[in-house]
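Secondary and tertiary structure notes
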Amino acid sequence: MSRRRDIGTDEDRWFRRAGRPAAVALLVCAVAWAAPLLWFVRTSLAPPDAATTTPAPLVFLPDTGAYAALAAYLPELVTSLALALGTTLAGVALATLAAYALSRLRVPFGGGLMFGFLATKLTPAVAMAVPLALAQRLLGLEGTGLVLALAYTGLTVSLAVWLLKSFLDEIPREYEEAAMMEGYTRWQAFRRVVLPRALPGMAVTAAFCLVFAWNEYTLALLLSAAPVRTAPSLVPDLLGAGGPSWPVLAAGVTVWCAPVLLLTLVVRRHIARGLSFGAARQ
Amino acid sequence: MRMDFTTNPYRAAAGALVSRPPSIRPVRGLSDRALAWILLSPALLLFAGLGLGPLLANLYLSLAPAGPGTPGGAGFDTASYVSVFADPGLRRAGLISAMYLGVATAAEVAIGFALAWLCHSSLRRGGTWVVALPAMLSPAAAGLIWSYLHAPEFGVLSGLAGLLALVDPAGPAGSGFWQLVLADVWIWSPLFAVLTLAGLRSVSPDVEDMADLDRAGPWRRLWTISVPLALPFIGLAAAIRLASGVGSFALAHVLGAGADGTAVSLVAIELERLAFDAGRKDTAAALAFVLAVAALAATGGAAWALRRIRAA
């Protein structure tokens, strides 16, 4: 119902009374919440001496030298991007098949499987890294990125199955039942009837999986090794070697966070669903 | 008997929704159950490799009598578990982790609820993504941001904290502990805010109408309608937070690297040191198994909350 139409209800009167102070308070909170990130973006544009002086100058001539310095880390950024995109595509594809089976077909211990996927996603990455690092060394796969790619794909599938199942559950079963009465097999009904209607949900799921794979730090640090290193695994080196160059780090974080912010904007209507494994349908 | 296309609603829907390609012939052979297992098998393989595999590998590594793969080793040895629970350093790390999780989660519930209530009161729909932004950022990026803010020489917050004497660096957990809590609250409060808001918005208009008829004020509505109905959502956020927080590593690691190279001694940080620096694989595997079991317990809570939300 539009706001204009229900303007006379008790709820709306209360809303008008409480809404304005609440909106102001919310604005203050949003600015306070964004301030650390904005301050770091400001640092990325500050000349090197202005980034570490106190009191910090607010007005200065912007210096984009820090962004130019990021060119040295381009191979790691490309590796991160390739890994995130590849594992997202593979993960969402595999998860779509699994989610369809769990949503529509009778699967023994389906509830247990869903719990298993949830548990896999929530298992501490550092606990997972110990045997994975050992296996990587025993199999001679260090520096290939293969174990990291498999780990990301597995974790992506675990998240995507939950999200996609919630989207598939919303597509009426009658559509594919009607198609099957027309002579389609189950697989054809899935491909031609369900899949096209699941595409928006798959896109939202892919966005969340991409953000996860792009952001992941623990496994990247503990499993990736030269020559295949991802950008997050460079962070301790950059912080430790002879004191950090804060403008370069700030530029790196800004570049790192920009796609995440963009994707957040794209999926803004589904954030609650994404963060709640598909439970909240806001 | 052939059914009439115009009177059968399913067939009518089929006619409207799908255009039947002329070449398609019904293919029989695969039962639904067989198809289900075929569709599930790639995901199941990954689950076995990444969910069950590491758990069982940690169990094996922690119980192997004289090191993993030793020929002739028989039975199992629980010495690594004894050292996990008896080691004073690990016990201290467990205490600090519990304090960190408790303080941070309590603050996040309170702040998240306040933010959600503000959004619920001031925004009819949309707009909440601004509040949710930090929840989407990488903990490593957040760690870098907060390292800069807490830098001893020029950090905005370190100067402020020193000015107000907020933090006692010689205290039991040190100033790094509170820096960690602050950064954690910044990242995770939005999760609580977004999920609590989803709970608040899930309240049926009928319930609101009944409250109107009873002339219930905003305060009474909050405590008798909104909070009880939002509880499963808050519980879900808390369970997700606890499951993730049990093995919280990235934020503490980056904050530690940005300070003096010493991260706050959380259990996950100690686990990484044991496994990758000290080479004590058996103790590290035992600790990893204990962490995974703790996370599994929290996952059980999350699964319960998910069921409640879906059933509502």
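Predicted model, so just to flag it, every value in this text is computed and none were measured.

**Focus: the interface of chain B and chain A**
Every contact between the two is made by 107 residues of chain B and, on the other side, 108 residues of chain A. For the pair chain B and chain A, the number of links is one salt bridge. Across the salt bridge formed by A:Arg186 and B:Asp32, the nearest N and O atoms sit 3.0 Å from each other. At the junction of chain B and chain A, the tally comes to eight residue pairs in polar contact (both at pLDDT 80 or more).

**Structural notes on helix α7 (residues 146-169) of chain A**
Residue and element names in this part refer to chain A. In this model, α7 (24 residues) spans 34 Å end to end at C-alpha, consistent with the 34 Å of a helix rising 1.5 Å per residue. A bend of about 25 degrees at Ala 160 is the largest found in α7. Most of α7 is tucked away: 20 of the 24 residues are buried.

**Focus: the side chain of A:Ser158**
Residue and element names in this part refer to chain A. By the element assignment, Ser 158 lies in helix α7. Taking relative accessible area as the criterion, Ser 158 reaches 2% and is therefore assigned buried. Polar contacts involving the side chain of Ser 158 include one to the main-chain carbonyl oxygen of Gly 154, which spans 2.9 Å. Contact partners of Ser 158, with chain neighbours within four places excluded, come to Phe 117, Thr 120 and Lys 121.

**Here we look at unusual backbone geometry**
Residue and element names in this part refer to chain A. Pro 227 follows Ala 226 through a cis peptide bond whose omega is 10 degrees. In this fold, Pro 227 is placed in the loop between α10 (218-223) and α11 (235-240). Phi at Phe 109 is positive, roughly 60 degrees, even though this residue is not glycine. Along the chain, Phe 109 falls in the loop between α4 (74-104) and α5 (110-122). Phe 109 gets classed as exposed once you look at its relative accessible area, which sits at 73%. If you check the backbone angles, Phe 277 has positive phi at about 55 degrees while not being a glycine.

**Concerning the packing of aromatic side chains**
If you walk through the whole model with that rule in mind, you get twelve aromatic pairs over all chains. Ring geometry for A:Trp187 versus A:Phe190: centroids 5.4 Å apart, planes at 40 degrees, classification tilted. Of the two residues, A:Trp187 and A:Phe190 both sit in helix α9 (residues 186-215), three residues apart, roughly one turn of that helix. With a relative accessible area of 2%, A:Phe190 lands in the buried category. Here the aromatic cluster, defined as three or more aromatic residues joined through ring pairs, consists of A:Phe40, A:Trp246 and B:Tyr148. It is A:Arg273 that lies over the ring of A:Phe167; its NZ or CZ is 4.0 Å from the centre.

**Things to note about the confidence of the model for chain B**
All names here are of chain B. Summing up the model confidence of chain B, the mean pLDDT is 80 and the portion of residues at 70 or higher is 79%. Of all the helices and strands in chain B, helix α1 (residues 9-17) carries the lowest mean pLDDT, 50, while helix α12 (residues 267-277) carries the highest, 92. Contacts from residues 21-27, a stretch scored under 50 in pLDDT, to residues over four places away or in other chains number nine contacts. For this predicted complex, the interface confidence comes out at an ipTM of 0.86, alongside a pTM of 0.85.

**Points about the nonpolar core**
Counting residues in each nonpolar core, the largest one holds 160 residues, and the members touching the most others are A:Leu219 and B:Leu236. Counting residues per element, this core draws most heavily on α7(A), which supplies 14 residues. Dropping the residues within four chain positions of it, B:Leu236 is found in contact with A:Ser276, A:Ala279, B:Leu195, B:Ala302, B:Ala305, B:Leu306 and B:Ile309. Core analysis: the next-biggest nonpolar cluster, separate from the first, contains 15 residues, B:Cys119, B:Val131, B:Leu197 and B:Val227 among them.

**Focus on the state of the cysteines**
Per the counting criterion, the structure on display carries zero disulfides over all chains. With no disulfide of its own, A:Cys209 has A:Cys257 as its nearest cysteine by sulfur position, at a separation of 19 Å. Overall, the relative accessible area of 0% leaves A:Cys209 in the buried class. Distance from the sulfur of B:Cys119, which forms no disulfide, to the nearest cysteine sulfur (A:Cys29) is 8.7 Å.

The rules behind the values
Residues numbered from 1 in each chain as written. Chains lettered and ligands numbered in written order. Predicted model: local features only at pLDDT ≥ 70, side-chain atom pairs only at ≥ 80, totals over all residues. Heavy atoms only, no water. Contact = heavy atoms within 4.5 Å. Salt bridge = Lys/Arg side-chain N within 4 Å of Asp/Glu carboxyl O. Polar contact = N/O pair within 3.5 Å; in protein donor to acceptor, adjacent residues only side chain to side chain. Helix = DSSP H or I, 4+ residues; strand = E, 2+ residues; numbered from the N terminus. Expected span 1.5 Å × (residues − 1). Bend = angle between axes of the 7 residues up to and from the residue. Buried < 20%, exposed > 50% of the residue type's maximum accessible area, 1.4 Å probe, protein only. Phe/Tyr/Trp six-rings, centres within 6.5 Å; stacked < 30°, edge-to-face > 60°. Lys NZ or Arg CZ within 6 Å of the ring centre and 35° of its normal. pLDDT = per-residue confidence, 0-100. Core = buried A, V, L, I, M, F, W, Y, C linked by side-chain atoms within 4.5 Å. Disulfide = S-S within 2.5 Å.

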